[in-house]
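In case you want the letters, here they are:
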Amino acid sequence: MQERVKLQPDFLAEGGIMGERTRHHDWSATPVGPIETWPHSLRTAVGIMLHSKFPTYMLWGRELTSFYNDAYASILGSKPEALGRPFREVWAEAWDTVGPIAEKALLGQASYFEDLPITVERNGYPEQTWWTFSYSPIHDEAGHVGGILCIVHDTTAKVLSERRLEFLVRLSDRLRAMHEPIEVIAAAQAMLGEHLKTSRVGYGEVEETARYFTTDRNWTDGTVAHRTGTHDLAAFGPEIHDALKRGETLVVHDAAADPRTDSPEHLAAFAFLEFSAVVTVSLIKRGRMVAALYVHNREPRLWSPGEVKLIEDVAERTWDAVERLRSEAALRKSEERLQLALAASSVVGTWDWDIQSDLVYADERFAVLYGVDSEFAAAGAPIASFVNGIYPDDRDRIKEQIQQAVETGAPLAAEYRTIDKYGQIRWVFAQGRCYHAAGQPVRLPGIAVDITERKKAEEHHELLINELNHRVKNTLATVQSIASQTLRNADTTEAARSAMEARLLALSRAHDVLTRENWEGAGLIEIVREAMAPYRHERENRLHMEGPDVRLSPRMALAVAMALQELATNAVKYGALSNANGEVRVTWSVERKGEKRLHLTWSETNGPRVEPPKRRGFGTRLIQRSLAQDLNGEAQITFAPAGIICRVDAPVT
C-alpha cells in the first residue's frame, strides 16, 4: 500500500481552471491514484505546471498519465477530455513522432525541438502544424524518472507566415523579370498551385455585367482537365455570385455540404469543372468586378486561414504585375505614337523664346505657320519676325497676352490667325509658359497647333445648324397642317387641345431621334420605342414590340412616329389600352426579295369590342392617306371586333 502523506499547503491553490479540475478529478481510477497518496515530487511538478503561464503538459508514470495547465487547454482544440488519460490516447495521431521522444525522456534524456512539423487532429480533421517544445525528465524521491515536463509552443502561425512571405518574395522576384501579362499569369498560377498542392489554379476577366468569366489558360496538377473559355458565374448560385460581385473572398470547403451550393443545379456546375472546394478572390475596380483568381481542389478541402490569406496576397501581386505591364505597354505605345505624330505631323510646331536675347528658336512647322524662313528660325530669329506673321486683326490682342504671360508667369493659351509662307490664312492654337530666374523672365517655350481644319469643321457645323433651321421651318409647316386639321375635326375645344398636344409631343419625340442622328435617318426600333414610351408602365407588360432594326429616312421616320401616336391615342381612349387586360403588339419584318420592303403590323387584343366608326377622323385619314403618301406605300386599318389592326407595306430606301 502507498503511504498517506500528511497534507502540506494546497499545491493546487490558484492553479486556475485546470487547478480546480485537477482537484475534483477521480484520480483513483487512474494509475496515479488519489491525490492524498501522491508523492511530494508529483505534487511539486503539478504545482509548477499549473502556475506556469506558458503552455505546459505533464506526464506521470510509465503509463504517461496526462496533466496540463490553462495555457495548454486551447491547444487540445475539440479533443475529448485529456486530463488523467494516457498520453498515447490523447495524441494517438501524432504518436509516431512524439512517442519515441517521450520514451527517451523516461530514460532521462531531455529533448528540444524547434518548429517540428506534426500532423494532428485537434479540430476534427488532419491538420499540418509546427511546434517548438522541450521534454524534460522529472525525478521522483528515489532519483528515478517519475514523469516528463513538456513545455510547448504552437508555432504553426509563425511558420506559415514565414513560408507565405518567403513564397511571396520568390513570386515577386519572378514576376518582376517578366514582360508580358500572360507570362505573369501563367507563372503565378503554377507557383501557387505547386505550393498549395491543389488541383487547378486560374485567372480570368469578367465582362461588364459581372456575370460571364473568361479564362484563357490555367494550371492543373494533372488530375483535372484544363477548363478554359467563358463560364457563367450565376451557375454557382446567387449567394456566391453576389459575394464575388461585392469583392468578398469566396471560400467553399465542400460544395456538397455548403448550403450556398448544395442544390443539384449548382453541384452540376461544380461537377462539370471537376472540383469540390474552391477559393476565389475577385478584383473590384470602379465599383464592379473585373477579374478573379481562383484555386480549385478536386476533393473537399478545409482551407486554412493562412492558405486563404496567401491566395489573396498572390491575387494582389498578380494584378499589380499585370497592371504594371499593361501600363508600361500603354506608355510605350503612347510614346511611340507621340514620336510618330511629331515626326509625321505638319500641324504641330514648337518654339523657344530666349527673352534676354529676344530670339525665337523654332522648328520648320512653326516657322511655316508664321511665314518665317525655316533656317532663319532654327538659328534664332527676332520675335518681331513671328509677331509680324500674325493676322493684323489679331496681332494687338496676342501681343497683350504674350506680355501678360511674361510679367505674371501665367500660362499662355490663345487661338488666332496667321499668314503662312504661302500667303494663306491659317488658324493656330498656341500654348506656352514663361520661366523666371532671379525674378527675371528668361524663357518662354511652347507649341503651336494648326487648327485650320477644326475651324473649317466648326464652320461646317454652323452650316448644318442653318440647315437644321431650314428643317425646322418645314416642321412648322407640318405643325400648321396638324393644327388646321385637328381644329377642323374636333368636337370640343378640350378634345382639340388634347389631340393637338399629343400629336405635337409625338412629332417632338421623333425629332429627338432624328436630331441624335444628325437628321440622316433613324432606326425603326428607336422610333417605335420613343413613340410607345408614354404608354408603358413598369408594373405592366401590355406593350409588345418585335422586329429587326431598320434604317428609315427622316421622312419615313416622322410618318411612322405620327401614325403610331394616333394608334396609341385611339387605343387609350377606345381600344386595348382603355381597360386593364388589353394588349398591343407592334411587329415588323423586312422582305429582301427584289425591292426591299417593310411590313409593319399594329394589332390590339383583349380590349373592348370594336365597332367600325360612323365617320373617319383626322387620325384615320392621317394613317391611311398621309402615311401611305409619305412612305410611298400602302397603309390599311381594319376595325376587327377583337381589336384594331393596322398594316403598313412600304419600300425601304
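Residues numbered from 1 in each chain as written. Predicted model: local features only at pLDDT ≥ 70, side-chain atom pairs only at ≥ 80, totals over all residues. Heavy atoms only, no water.

S.K.: Before we go on, may I ask you to explain helix α14 (residues 392-408) in this structure?
M.R.: Turn by turn, an α-helix covers 3.6 residues, leaving residues three or four places apart pointing in a common direction. Helix length check: α14 (17 residues) gives 25 Å between terminal C-alpha atoms against 24 Å at 1.5 Å per residue, within 8%. By the burial criterion, the buried members of α14 are Asp-394, Ile-398, Ile-402, Ala-405 and Val-406. Remark: Gly-409 follows α14 within two positions and exhibits a positive phi of approximately 80°. (Helix = DSSP H or I, 4+ residues; strand = E, 2+ residues; numbered from the N terminus. Expected span 1.5 Å × (residues − 1). Buried < 20%, exposed > 50% of the residue type's maximum accessible area, 1.4 Å probe, protein only.)

S.K.: Help me understand the sheet that holds strand β26 (residues 643-651) in this model?
M.R.: For sheets, the rule is that strands pair by backbone hydrogen bonds, running either parallel or antiparallel. One open sheet accounts for 5 strands, arranged β21-β23-β24-β26-β25; its pairing is mixed. Two strands lie at the open edges of the sheet, namely β21 (543-546) and β25 (634-640), each paired on one side alone. With strand direction ignored, the average angle separating the axes of adjacent strands in the sheet is 10°. Here helix α18 (residues 554-573) sits on the sheet in contact with β23 (583-591), β24 (597-605) and β26, set at roughly 10° to β24. (Pairing = 2+ DSSP bridges. Axes fitted to C-alpha atoms, helices over the stretch in contact; angles between N-to-C directions. Contact = heavy atoms within 4.5 Å.)

S.K.: What is the right way to look at the side chain of Thr-452 in this model?
M.R.: Among the secondary structure elements, Thr-452 is positioned in helix α15 (residues 452-489). Given the relative accessible area of 5%, Thr-452 is considered buried. At 3.4 Å, the side chain of Thr-452 and the side chain of Arg-426 are in polar contact. Residue contacts for Thr-452: discarding those within four places in its chain leaves Arg-426 and Trp-427. (Polar contact = N/O pair within 3.5 Å; in protein donor to acceptor, adjacent residues only side chain to side chain.)

S.K.: Could you clarify how one ought to interpret the packing of helix α17 (residues 524-532) against α18 in this entry?
M.R.: A pair of packed helices is captured by two measures, namely the crossing angle of their axes and the spacing between those axes. α18 packs onto α17 with a crossing angle of 35° between their chain directions and a minimal axis gap of 9 Å. For the element pair α17 and α18, the recorded crossing hand is right-handed. Across the interface between the two elements, Leu-524, Ile-527, Val-528, Ala-531 and Met-532 of α17 pack against Ala-557, Val-560, Ala-561, Leu-564 and Ala-568 of α18. Of the residues contributing to the contact of α17 with α18, the split by class is 10 nonpolar, no polar and no charged. (Left-handed = near helix turned anticlockwise from the far one by under 90°. Nonpolar A, V, L, I, M, F, W, Y, C, P; charged D, E, K, R; others polar.)

S.K.: I'm lost on the pattern of salt bridges in this one. Help?
M.R.: Between side chains of opposite charge, a pair can form when the charged atoms approach closely. Inspection of every chain in the model, using the stated rule, returns 38 salt bridges. For Lys-245, the salt bridge is made with Asp-242, and the minimal N-O distance between the two is 3.8 Å. Note that Lys-245 and Asp-242 are positioned in helix α8 (residues 238-245) at a spacing of 3 residues, about one turn of the helix. Salt bridges sharing partners connect three or more residues here, namely Arg-200, Arg-227, Glu-274 and Arg-298. (Salt bridge = Lys/Arg side-chain N within 4 Å of Asp/Glu carboxyl O.)

S.K.: Explain the pairing of β23 here, please?
M.R.: A one-sided burial pattern is seen for β23, the buried positions being Val-584, Val-586, Trp-588 and Val-590 and the unburied ones Glu-583, Arg-585, Thr-587, Ser-589 and Glu-591. Pairing of β21 with β23, which is carried by 4 bridges, proceeds in the parallel orientation. Its bridge partner being in β23, His-544 is matched across the sheet by Arg-585. In this sheet, β24 lies alongside β23 in antiparallel orientation, the contact comprising 9 bridges. Pairing of Val-584 across the sheet is with Glu-604, part of β24. In this antiparallel pair of consecutive strands, β23 and β24, the connection spans 5 residues, and Gly-594 shows a positive phi of 70°.

Purely geometric numbers; function is a separate question.
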